[in-house]
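Inside the fold
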Amino acid sequence: MENKFITISKAKVHNLKSISLDIPRDQITVITGPSGSGKSSLAFDTIYAEGQRRYIESLSSYARQFLGQHEAPDVESITGLSPAIAIDQKTSGRNPRSTVGTVTEIYDYLRVLYARIGVPHSPKTGKPMLAQSAQQIVKRILDLPVNSKLQILAPIVRGRKGEHKEELSQYLAQGFSRIRLDGEILQIDDDLKITKNQHHNIDLVIDRLVLKDGITQRLTDSVEFALKIAKGYMVVLKDEEELFFTEKFYCPATGESYPELEPRLFSFNSPVGACPECNGLGETKVLIKELLMVDPSLSINEGAIGPLAKKSTFLYQMLKCVAKEEKVSLDEPYKKLPQKFKNILFDGTDKVYTFSFKSENSTFNFKKSFVGIMAWLQKKYHESESEKVRTELESYMRIEVCPACKGERLNSYARSVKVANLSLMQACSLSVDDSYAFFKDIKLGTEEAQIAEKLLKEIRSRIKFLVDVGLNYLTLNRSAVTLSGGESQRIRLATQIGSALSGVLYVLDEPSIGLHQRDNDRLINTLKHLKSLGNTILVVEHDEDTMMAADHIIDMGPGAGIHGGEIIAQGDAKNIMKSAKSLTGQFLAGKIKIDVPQERRTLKNKIVIKGANSNNLKKLDVEVPLGGLICVTGVSGSGKSSLVHNVLVPNLKQYFDDGDLSEYLKNAKNITGLHHLNSLIELDQSPIGRTPHSNPATYTGLFDDIRNIFANSNEAKLRGYKPGRFSFNVKGGRCESCEGNGVKKIEMHFLSDVYVTCAECNGSRYNNETLSVLYKGRNIADILKMSIEEAHEFFANHPRVERILKTLLDVGLGYMAMGQSATTLSGGEAQRMKLARELAKRVKGSCLYVLDEPTTGLHFQDIKMLLSAINQLIELGHTVLVIEHNLDVIKTADYIIDLGPEGGKNGGEIIATGTPEEVVKVSGSFTGKYLKKYL
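Residues numbered from 1 in each chain as written. Predicted model: local features only at pLDDT ≥ 70, side-chain atom pairs only at ≥ 80, totals over all residues. Heavy atoms only, no water.

1. Overview of the overall build of the protein chain
As a reminder of what qualifies: Runs of H or I in DSSP of at least four residues are treated as helices and runs of E of at least two as strands, each being numbered from the N terminus. Exposure is judged per residue with a 1.4 Å probe applied to protein chains only, and the accessible area is read against the type maximum: over 50% gives exposed, under 20% gives buried, and values in between give partly exposed. Note on contacts: a residue pair is in contact if any heavy atoms of the two residues lie within 4.5 Å. Note that accessible areas follow from Shrake-Rupley with a 1.4 Å probe, and for residues the cover is restricted to the protein chains shown.
What the protein chain contains, in helices and strands, is 34 helices and 35 strands. Oriented by its inertia axes, the alpha-carbon framework of the protein chain measures out at about 110 × 80 × 65 Å. Counting over 935 residues, the protein chain shows a buried share of 51%. Within the protein chain, contacts between residues separated by at least 24 positions form 68% of all contacts whose residues are at least 6 apart in sequence. If you sum the accessible surface of the protein chain, you get close to 44100 Å²; carbon and sulfur atoms cover 48% of it.

2. Considering helix α7 (residues 216–229)
Our working rule: By this rule, a helix spans an expected 1.5 Å times one less than how many residues it contains.
Given a rise of 1.5 Å per residue, 14 residues ought to cover 20 Å, and the 20 Å separating the end C-alpha atoms of α7 matches this to within 8%. Considered for burial, the residues of α7 that qualify are Leu 219, Thr 220, Ser 222, Val 223, Ala 226, Leu 227 and Ile 229. Looking at the buried positions of α7, the neighbouring elements they touch are α5 (134–142), β7 (149–160), α6 (165–173), β10 (200–210) and β11 (233–238). Where α7 terminates, the next one or two residues include Lys 231, which has phi positive at roughly 55°.

3. Some words on the sheet that holds strand β3 (residues 28–32)
For the record, the criterion: Strand pairing requires that DSSP identify at least two bridges connecting the strands. Interaxial angle, 0 to 180 degrees, is taken between N-to-C directions of lines fitted to C-alpha atoms, where a helix line uses only the stretch in contact.
Pairing is mixed across the open sheet formed by six strands, whose spatial order is β5-β21-β22-β3-β23-β24. Two strands bound the open sheet, and with one partner strand each, they are β5 (84–87) and β24 (566–571). Recorded for the sheet is a direction-independent mean angle of 20° between the axes of neighbouring strands. Note: β5 against strand β21 (residues 505–509), four bridges, orientation parallel. From the neighbouring strand, Ile 87 faces β21, where its bridge partner is Leu 508. Its contacts with the sheet place helix α18 (residues 517–532) against β3, β21 and β22 (536–540), and it is angled at close to 150° to β22.

4. Observations regarding the nonpolar core
Convention followed: Here, nonpolar core means buried Ala, Val, Leu, Ile, Met, Phe, Trp, Tyr and Cys residues that are tied together by side-chain atoms lying within 4.5 Å of each other.
Grouped together as the largest cluster of nonpolar side chains are 71 residues, with contacts concentrated most on Ile 706, Phe 795, Leu 805, Met 818, Leu 835 and Val 880. Residue contributions to this core peak at seven residues, all from helix α31 (residues 860–875). The contact partners of Met 818, leaving out residues within four places of it in the chain, are Asn 695, Pro 696, Ala 697, Leu 702, Ile 706, Ile 783, Leu 784, Met 786, Ser 787, Ile 788, Ala 791 and Leu 805. The next biggest cluster of nonpolar side chains, apart from the first, holds 70 residues, and it includes Ala 452, Val 469, Ile 553 and Phe 587.

5. Observations concerning the pairing of β10
By the criterion of burial, β10 is predominantly enclosed, with eight of the 11 residues buried. Direction of pairing for β7 relative to β10: antiparallel, over a ladder of 10 bridges. In the strand pairing of β10, Leu 150 is matched with Leu 209. Across three bridges, strand β8 (residues 178–181) lies against β10 in antiparallel orientation. Bridge assignment links Leu 181 to a residue of β10, and that residue is Ile 202.

6. Here's the deal with the sheet that holds strand β28 (residues 670–672)
Sheet architecture is open: three strands sit in the order β26-β25-β28, paired in antiparallel fashion. Looking along the sheet, the strands with just one partner apiece sit at the ends: β26 (620–625) and β28. With direction set aside, neighbouring strand axes in the sheet form an average angle of 10°. In this structure, strand β25 (residues 606–612) lies alongside β28, joined through three bridges in antiparallel fashion. Residue pairing for β28: Ile 609 is matched across the bridge by Ile 671. Packed on one face of the sheet, helix α22 (residues 640–658) meets β25, β26 and β28 and runs near 120° to β25.

7. A word on the packing of aromatic side chains
Think of a pair of aromatic rings as described by two things: how far the centres are apart, and how the planes are tilted against each other in angle. Selection criterion: To pair, rings of Phe, Tyr and Trp, with the six-membered ring standing in for Trp, must have centres within 6.5 Å; the planes then decide the type, stacked if under 30 degrees apart, edge-to-face if over 60, and tilted in the middle.
Throughout the structure, instances matching the rule amount to 26 aromatic pairs. Between the aromatic rings of Phe 314 and Phe 357, the centroid separation amounts to 5.2 Å while the plane-to-plane angle is 75°, which identifies the pairing as edge-to-face. Taken as a pair, Phe 314 in helix α9 (residues 314–325) and Phe 357 in strand β16 (residues 352–359) lie far apart in primary sequence, 43 residues in all. Centroid distance Phe 357 to Phe 364: 5.5 Å. Interplanar angle 40°. Geometry classified as tilted. Judged by relative accessible area, which is 7%, Phe 357 ranks as buried. Among the aromatic residues, ring-to-ring pairing joins Phe 314, Tyr 353, Phe 355, Phe 357, Phe 364, Phe 366 and Trp 376 into one connected group.

8. Quick notes on the packing of α9 against helix α11 (residues 373–383)
Convention followed: Throughout this description, any angle smaller than 35 degrees is read as roughly parallel, any larger than 145 degrees as roughly antiparallel, any in the 65 to 115 degree range as roughly perpendicular, and the remainder as oblique. Crossings are sorted by hand: turned counterclockwise from the far helix by less than a right angle, the near helix makes the crossing left-handed, and turned clockwise it makes it right-handed.
Following both chains from N to C, one finds α9 and α11 inclined at 165°, their axes separated by 12 Å at the closest point. Classified by the interaxial angle, the pair formed by α9 and α11 is roughly antiparallel. Relative to α11, α9 is oriented so that their crossing is right-handed. Facing α9, whose interface residues are Phe 314, Leu 315 and Met 318, α11 presents Ile 373, Trp 376 and Leu 377.

9. Focus on the pattern of salt bridges
Counted only if it meets this: The rule for a salt bridge is simple: a side-chain nitrogen of Lys or Arg has to be within 4 Å of a carboxyl oxygen of Asp or Glu.
Taken as a whole, this structure holds 40 salt bridges when the rule is applied. The partner of Lys 285 in a salt bridge is Glu 394, with the nearest N and O atoms 3.5 Å apart. With Lys 285 in strand β15 (residues 283–287) and Glu 394 in helix α12 (residues 387–394), this residue pair connects regions lying 109 residues apart in the sequence. Relative accessible area serves as the criterion here: at 33%, Lys 285 is assigned to the partly exposed category. By relative accessible area, Glu 394 is classed as partly exposed at 30%.

10. As for a nonpolar patch on the surface
This is how it is decided: Here the term patch refers to residues with relative accessible area over 30% and no salt bridge, with like charges joined within 9 Å and nonpolar side chains (Val, Leu, Ile, Met, Phe, Trp, Tyr) within 5 Å.
Among the surface-exposed residues, Ile 746, Val 754 and Val 756 lie close enough to one another that they form a single nonpolar patch of about 180 Å² accessible area. For Val 754, the position within the fold is in strand β31 (residues 754–757).

11. Quick look at the environment of Pro 123
Mapping Pro 123 onto the fold places it in the loop between β6 (119–120) and α5. Residue Pro 123 is classed as partly exposed on the basis of its relative accessible area, which comes to 29%. Sequence spacing of Pro 123 and Tyr 413 is 290 residues, and the spatial spacing of their C-alpha atoms is 5.9 Å. Those residues in contact with Pro 123, other than ones at most four positions away along the chain, are Tyr 258, Ser 412, Tyr 413 and Ser 416.

12. Some details on the confidence of the model for the protein chain
Predicted coordinates in regions of low pLDDT should not be interpreted in detail. Condition: Confidence of the predictor at the level of single residues is given by pLDDT, which spans 0 to 100.
This prediction gives the protein chain a mean pLDDT of 90; 97% of its residues lie at or above 70. Here β31 is the element of the protein chain with the lowest mean pLDDT, 78, and β3 is the one with the highest, 98.

13. What to know about the packing of helix α4 (residues 106–117) against helix α16 (residues 446–468)
Running from N to C, α4 and α16 cross one another at 160°; their axes reach a closest spacing of 10 Å. With respect to α16, the axis of α4 lies roughly antiparallel. In the packing of α4 onto α16, the handedness of the crossing is left-handed. Between α4 and α16, the contacting residues are Ile 106, Tyr 109, Leu 110, Val 112, Leu 113, Arg 116 and Ile 117 on the first element and Glu 448, Ile 451, Ala 452, Leu 455, Leu 456, Glu 458, Ile 459, Arg 462, Ile 463 and Leu 466 on the second.

14. Looking at helix α29 (residues 799–810)
Between the first and last C-alpha of α29 there are 16 Å, a value that for 12 residues agrees with the 16 Å anticipated at 1.5 Å per step. Looking one or two residues past α29, Gly 812 carries a phi angle of roughly 85°, positive in sign.

15. Considerations on the state of the cysteines
The line we're drawing: Counting rule for disulfides: a pair of cysteine sulfur atoms within 2.5 Å.
For the coordinates displayed, the defined rule picks out zero disulfides. Of all cysteine sulfurs, the one in Cys 278 lies closest to Cys 275, which takes part in no disulfide; the gap is 3.7 Å. Of all cysteine sulfurs, the one in Cys 847 lies closest to Cys 631, which takes part in no disulfide; the gap is 17 Å.

16. Details of unusual backbone geometry
In most cases, non-glycine residues show a negative phi, while peptide bonds are predominantly trans. Put simply, Gly 557 and Pro 558 share a cis peptide bond, and its omega is -5°. Mapping Pro 558 onto the fold places it in the loop between β23 (552–557) and β24.

17. Concerning the side chain of Thr 536
Let me state the cut-off plainly: N or O atoms within 3.5 Å of each other form a polar contact, as long as, within protein, one can give a hydrogen and the other can take it, and as long as residues adjacent in sequence are counted only when both atoms are side-chain atoms.
Summarising the element assignment, Thr 536 is placed in strand β22. Note on Thr 536: relative accessible area 2%, which makes it buried. At a separation of 2.9 Å, a polar atom in the side chain of Thr 536 contacts the main-chain amide nitrogen of Asp 26. Residues in contact with Thr 536, not counting those within four places in the same chain, are Ile 6, Pro 24, Arg 25, Asp 26, Gln 27, Val 504, Leu 505 and Tyr 506.

Have a look at this one:
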């Protein structure tokens, strides 16, 4: 029995109500249920936490101190547990140096491949450079015509001043008698006069010989000796002709030589390989002319250009001299100045000016050319040690692609090394699909193929795993920071398949996030593949396709928070559908569903974008209607986020900041219709607070009102308590023993830190004096322990507090405690918390709300509540723009913008626009194809 099941007995973590169950091993099990019903508590905080803890306990105490300790979950017993690996929603770190290639480790194999079989090309001429051994050099010299008279030279001085007497006397003592000084062959003797303060080239004559039979051994000795003396370089003189040879990589056109290839040369995180301009980040801060301009209608003396506003600076005084010689007045409005002077002002000139001025108590007199304020300020930014100066200059800068490496992160030498005619960064900028094809069909010579065989096998298999989890549209040089939670989770899933472990328990947290229905099958096949290796897969998921493909479903509920934590039904999809108690089953069976609106709203106003061109967008012309629910859809990587977050949102922000887009239009040719909107609000899945001090009451602003209510009570007035007395963040009213945390952290060396309830305040966070002030028989700590549902009834007489609590109920967060720590909220809960806060604000005018996959982590029932909250916003005259894959949301939209047809370079086009009914009729739309059955 134990071998076939993971048996859990009496789990009580968070809101779990002492549940016991059997989960089949070596199967795919989906845990589902409403948001907050206890799915993650069961999967991650009970099963995964216990699997991890047992594994770590099996290690030595020395190893354990580095791994951090896991507290034992509150469960009576778990049997049949395997070592557990969690693949959760946490994005792949915030490190700007991480890319898809580095996270999957494919880049490490590519670096070795390029170091072992890469052919360096000259960074200047683009022609191949070859390093030669002494044997190869001898072979090339022997190919010269028979009876050629040759001199073998070793270059010992190149472009150095001095008489070089010591070096020459050493060589004379070794038996050498001739040198070539600046092209002339001379005897080394005491009368040799070398001008001390001139640059010289000196070659030592190693041997003079005639090419004929039997010369090979002598030639080889001479060549080896010349290379040894000149550290890898030598010259062969044949009559007047000069042949240069080197053991290093050398460019004949420029005379530069380059080091051996090694893996770290291809690392943009190593000073050996990184682009010196941007230090391997691929982007750099660049001064922008438009940002330097304050107001072109003013003169330079009136402050038309920000950095020239101070008259005492060296730069301003120099400019004054330039203006005087160019006969230009700095009191003239900037826009009326001659174009020639404007060019000199910003970009400088080679013309030499006479500068004579006083600046900061010093007098200057000198002649030189003027570099221009752009180059001057850029140099000042890089060289200044003053943080104030750098911060000031940063206000005139924008982050742009590095001009030196064009965003490729590596230095010019590393970028010039090629395998099968592609440099490493060119190979990394191919889509995963294309790079798989490139490495599969790569043509190599016999020796190269032998060296690369194992490397290519690893590279191909790892790229194939990315294709299998539906990430074929990504590129290997895509920054990990730009990946969505679902994408980074699927990358880690691909990495796990690569390790091909068996007998492992994998716990996944909604891997289908950000995945179009079309790509869902690939993900499900990946999970089935992991299962076939002999692993147990536990997936927290709301996706219908995944549930239908699972071997076993556990439905949690019935509600959320205190109303959840029970098992409502379990079994395969058919059993769940038969259960009358299971909401999930009712939705799967189609007995309950989200209704399609009777009629779509008529949308009059619109924003028109012309020539949208960010990432893979192909100069799109897009209309975004206003006043309804607008859905941006399409397969993963089709350009949805690029259109919304890189084109529409930044330009809107700029418009609201400046009221004008003429100076600054980002990633588009033209945008009109922005005047129909008054404001923009973005709601994403980032946490609402990063400390336990943040909670629903503080985040929504409720707590300020509640503290005022307490401060206005008779008892508080008598004692002179102000609202601050009722805050657990400041001294005065809080318990000082635990500093308002309610718990104390006790560090246990070799064991996990233990949090014990503060004995002074019993976890209430406040001191006794504060707790003795009551409102309706409850103190401030009792209020924080209430659920939002209870608090809504309790504060019914306070319109403002009641309104905020009502919006929290409307978005389905009634189960949450008022004082629940923000760090324990899921991404979906955080986004709905933000939505509730905005709903409660009563924004005037017309606002655009942008939501990015708000259905993440939501059950069918929660989506129903979310849609009614969104419709409330639209009824108030606002527009809600949603990037979404969930067909229940898409079918209720007033207008759809469907991008595609594929992801990556094969996407970025508009496939269909219009109402859901219109999109369904478009044959090329994948969204339309899957949407049909929902209508």
